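# Coordinates in review
Listed below are the residues making up each chain.
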Amino acid sequence: MDNFYSLREQFFSFFEKRGHVPVPSSSLIPDDQSVLLTTAGMQQFKPYYTQIRDAKKDFSSQRVVSIQKCFRTTDFDEVGDDTHLTFFEMMGNFSFAPLGSDDPTSYGTEGYFKTSAIVWGYEYITKELGIDPSRIHVTIFSGDNVIPRDDEAYRIWKDVVGIDPSRIREGGREDNFWGPTGVEGPCGPTAEIYVDGVEVWNIVFNEYYARMSGEQLEFEKSETPGIDTGMGFERLLSVVEGKSTFFETSAFLPSIQQIQKDAPHLSVTQTRMLVDHMRGSIFLIGDGVLPSNKEAGYVLRRLLRKLITLAIQEGLEKELFTTLQQQIIDQYSPLYPELSLVQTQQIWDEEYDRFKESITKGLKELEKHIEKKDVITAHDAFYIYETFGVPFDVIQSVVPQEKQKEFSYKDFEKAQKEHQEISRAGSEKKFGGHGLLLDTGELKAEDEQELAKVIRFHTATHLLQAALREVRGESITQMGSDITAKRLRFDFSAEEKLTQEELQRVEALVQDYIQKDLPVTKEVMKKEDALTSGALHFFKEQYPDEVTVYTIGQGDTVVSKEFCGGPHVERTSEIGSFHITKHESVGRGIKRIRAILT
Ligand code: SER
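Every value quoted in this text rests on a predicted model; they were computed, and no experiment measured them. (Residues numbered from 1 in each chain as written. Predicted model: local features only at pLDDT ≥ 70, side-chain atom pairs only at ≥ 80, totals over all residues. Heavy atoms only, no water.)

Attention now moves to the overall build of the protein. Of regular secondary structure, the protein possesses 18 helices and 20 strands. For a compact globule of 598 residues, the expected C-alpha radius of gyration is about 25 Å, and the protein comes in at 26 Å, within 12% of that figure. Projected onto the principal axes, the alpha-carbon positions of the protein cover approximately 80 × 60 × 45 Å. Counting only contacts in the protein whose residues sit at least 6 apart along the sequence, the fraction spanning at least 24 positions is 66%. (Helix = DSSP H or I, 4+ residues; strand = E, 2+ residues; numbered from the N terminus. Rg over C-alpha atoms; globule rule 2.2 N^0.38 Å. Contact = heavy atoms within 4.5 Å.)

Written as structure tokens, this is what we have:
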């Protein structure tokens, strides 16, 4: 376990000596709305690259160093092999303009560029970690018809570091250029360090800025160049500990051994997936994410449901998960105090109770499909997923290859998208569907009676959000909601809990809206019009061109306007009497209200 902690200290101290200020990891949920989750160390520093913020003022240095929590969903389906993870940590050193002398022997605090970044990277790997130069090769950007070859980086590797040209390789856009895909931002050519053929360090020279011009990105020379580097902690650890996969390193070994002891019948792939998904879900929960059908909440739900399905398929006891959670949190909480065992277990239990039965049914139903049908398509998979919540990757692993037709994740997403467009155009189309009478993720009803109740709660939820914004201002946004026939649960962004007095005001306001007997109207609008109307919506959600907007009140009495699939009551007086039953904090910056109707 030693390296697990000491490697971090060694990394920080190497760069601190060279004028860098250590900055704690930011949340997995970024402030930057262009991305769903934090996928790289540089993300929290974007405003410093563009000089919207001043590093000198905030850090007293143009140089910072961090180890950042990251989550990448692109590798979801690969988890279990030797090289893919969803959650991982990324080490990095960063430098911001204005640049100083770029002399690697000067340990000052001014911005540096290619020479220092390359020299220090190589020095850290070969001198600090003592990795033999004969195991190393390095790379530069080869250039293409838009951006020229990085001659400067080549010269630094060869003349300043003194690497033999046979160990300097060139790569194109794919490998040696880093930048956001499809969105504006700092970007540039990269130089990498490989050990035994495995990439450990990516050094990005942010000397360009990608700007949207019509549909295309155009690259212009940046006036505020900087350095962004990234080195996967788990990968570096495997090099340091001489392991061929990170699952054998001290980061994973305690968890892997725990599972091998408690569930020796699991395959290697299953064991690794279990650890990866458990880590991922613990860290998402630590940053205040709750399972839902949207955005980060959906990523968490996918992880949890895969674990629940594995538990059902392989007959795993709940204790196994509890022990594993405990073990991972003990290991990581000295570094990340936001991780919470209580919170993790509560969310795990809720999700488990909610889906256990449904997934069991779903797996049975899937077996029937497989028996009866010659081919199974992504639409069939979507039906099983939508009705029972069985994750697509599980369905994929159960359906025999020869019966799969149009069955890639892309096909599944297409089927899902078609379905979402139908359901947004009017959620009533879902009624009388399969299984539950209504299941929008947010609302669930088994029969007509429950349906009438959840509809009242649903409108009450819109009123609650409106009242919260009235009392606390517009910074309040919805983070999730969950509605049953018995109660509503509403999560929203807020640093501080509401005071007793504020809660009373919120409750009274909702009651006031109800008593005013306001009309609730539904409109199908063009997305742009809906956006300009100021209707509330989830920023990261991709909406279709036509959306439904529900408005409560009319003219001067409009109290709420939201993008929403419905259904809602016709007039607020149908809601009844509204009572807040509980107010709590459920994570950093996220607060929750539970309420009932009488
Ligand atoms: N942003 C680069 C990466 O993610 C370097 O940190 O690889």
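Inspection of the secondary structure puts F252 in the loop between α7 (233–240) and α8 (253–262). Note: C-alpha distance between F252 and I328 (76 residues apart in sequence) is 9.0 Å. Excluding residues within four positions of it along the chain, F252 makes contact with L85, E234, F246, F247, V275 and R279.

An α-helical segment advances 3.6 residues per turn. Residues three or four places apart therefore align on the same side. Taking 1.5 Å per residue as the helical rise, helix α4 (residues 114–128) with its 15 residues ought to reach 21 Å, and the 20 Å between its terminal C-alpha atoms agrees with that figure. Of all 15 residues making up α4, 13 are buried, and the element is well covered by its neighbours. In the stretch just after α4, G130 is the one whose phi turns positive, near 70°. (Expected span 1.5 Å × (residues − 1). Buried < 20%, exposed > 50% of the residue type's maximum accessible area, 1.4 Å probe, protein only.)

In this structure the tally under the stated criterion is two cavities of 30 Å³ or more. Here the largest cavity is characterised by a volume of approximately 40 Å³. Lining the largest cavity, in full, are Y298, R302, Y385, P391, F392, D393, Y409 and F412. Listed by contribution, the elements that provide at least two residues to the lining of the largest cavity are α10 (295–314), α14 (392–398) and α15 (409–424). Here the residues of the lining of the largest cavity sort into six nonpolar, no polar and two charged. Contributing to the lining of the second largest cavity are Y298, R301, R302, R305, Y385 and P391. Examining the composition of the lining of the second largest cavity, we find that four residues originate from one element, α10, more than from any other. A class-by-class count of the residues in the lining of the second largest cavity yields three nonpolar, no polar and three charged. (1 Å grid on protein atoms, 1.4 Å probe; cavity = no way out; pocket = protein on both sides within 12 Å on 5 of 7 lines; lining within 4 Å. Points joined across faces, edges and corners; volume = space filled by probe spheres on them. Nonpolar A, V, L, I, M, F, W, Y, C, P; charged D, E, K, R; others polar.)

This part is about the pattern of salt bridges. All chains considered together, the criterion is met by 34 salt bridges. A salt bridge links K158 to D159, with the shortest nitrogen-to-oxygen separation between them at 3.1 Å. Residue R469 pairs with E474 through a salt bridge whose shortest N-O separation is 3.8 Å. A single network of salt bridges, built from pairs that share partners, joins K114, D150, E152, E207 and K221. (Salt bridge = Lys/Arg side-chain N within 4 Å of Asp/Glu carboxyl O.)

Strand order in the open sheet formed by three strands is β16-β17-β18, with antiparallel pairing between adjacent strands. Edge positions in the open sheet fall to β16 (520–526) and β18 (560–563), since each of these has one partner strand only. Adjacent strand axes in the sheet meet at a mean angle of 25° when their direction is disregarded. Of the strand pairs in this sheet, strand β17 (residues 546–552) and β18 are connected by four bridges, and their pairing is antiparallel. Bridge pairing in β18 places V549 opposite F563. Along the sheet, helix α16 (residues 448–472) contacts β16, β17 and β18; its crossing angle with β18, the most-contacted strand, is approximately 115°. (Pairing = 2+ DSSP bridges. Axes fitted to C-alpha atoms, helices over the stretch in contact; angles between N-to-C directions.)

Turning our attention to a negative patch on the surface. Residues E528, D529, D545 and E546 make up a contiguous surface patch of negative charge. Its location among the elements puts E528 in helix α18 (residues 527–532). E528 gets classed as partly exposed once you look at its relative accessible area, which sits at 47%. (Patch = residues over 30% accessible without salt bridge, like charges linked within 9 Å, V, L, I, M, F, W, Y side chains within 5 Å. Areas by Shrake-Rupley, 256 points an atom, 1.4 Å probe, with all protein chains shown as cover. Lys, Arg positive; Asp, Glu negative; His and termini not counted. Charge placed at Lys NZ, Arg CZ, Asp CG, Glu CD.)

Assignment of secondary structure puts Q511 in helix α17 (residues 500–515). If we ignore the near neighbours within four places in the chain, the residues touching Q511 are G576, S577 and F578.

Right, let's get into the side chain of T387. Of note, T387 is situated in helix α13 (residues 378–388). For T387, a relative accessible area of 16% gives the class buried. A polar atom in the side chain of T387 sits 2.6 Å from the backbone oxygen of Y383. (Polar contact = N/O pair within 3.5 Å; in protein donor to acceptor, adjacent residues only side chain to side chain.)

What follows concerns the packing of aromatic side chains. All chains considered together, the criterion is met by 42 aromatic pairs. Considering the side-chain rings of F4 and Y332, the 5.1 Å spacing of their centres and the 90° angle between planes classify their relative orientation as edge-to-face. Note that F4 is positioned in helix α1 (residues 2–17) and Y332 in helix α11 (residues 318–332), a separation of 328 residues in sequence. We classify Y332 as buried; its relative accessible area is 0%. Three or more aromatic residues joined by ring pairs form one cluster here, namely F4, Y5, F87, F233, F283, Y332 and Y336. Positioned over the ring face of F14 is R18, at 3.7 Å from the centre of the ring. One cation-aromatic arrangement involves R149 over Y154; the distance from NZ or CZ to the ring centre is 4.8 Å. (Phe/Tyr/Trp six-rings, centres within 6.5 Å; stacked < 30°, edge-to-face > 60°. Lys NZ or Arg CZ within 6 Å of the ring centre and 35° of its normal.)

Bringing the packing of helix α9 (residues 268–286) against α10 into the picture now. With their axes 9 Å apart at the nearest point, α9 and α10 run at an angle of 140° to one another. By the angle between their axes, α9 is oblique relative to α10. In this structure, α9 meets α10 at a crossing whose hand is left-handed. Between α9, through Q270, M273, L274, H277, M278, G280, S281, L284 and I285, and α10, the contact on the second element is made entirely by V299, L300, L303, L304, K306, L307, L310 and E314. Residue composition of the contact of α9 with α10, grouped by class: 11 nonpolar, four polar and two charged. (Parallel < 35°, antiparallel > 145°, perpendicular 65-115°, else oblique. Left-handed = near helix turned anticlockwise from the far one by under 90°.)

Within the structure, the ligand sits among A40, M42, R72, M90, W178, N202, V204, D228, T229 and G230. In this structure, an oxygen atom belonging to the ligand sits 3.4 Å away from a side-chain N or O atom of R72. The separation between an oxygen atom of the ligand and a polar main-chain atom of G230 is 3.2 Å. Starting from 230 Å² of accessible surface for the ligand in isolation, the protein chains cover 94%. Listed by contribution, the elements that provide at least two residues to the shell around the ligand are β8 (198–213) and β9 (216–232). In terms of residue count, the dominant contributor to the shell around the ligand is β9 (three residues). Split by residue class, the shell around the ligand holds five nonpolar, three polar and two charged. (Near = heavy atom within 4 Å.)

Membership of the largest hydrophobic core comes to 123 residues, with the highest contact counts inside it found for Y124, I125, W157 and W201. Looking at this core element by element, the count peaks at 10 residues for α10. Dropping the residues within four chain positions of it, W157 is found in contact with I118, Y122, V138, T139, I140, G162, I163, I168, A191, E192 and I193. Within the second largest apolar cluster, 38 residues are counted, among which are I483, C564, V569 and I580. (Core = buried A, V, L, I, M, F, W, Y, C linked by side-chain atoms within 4.5 Å.)

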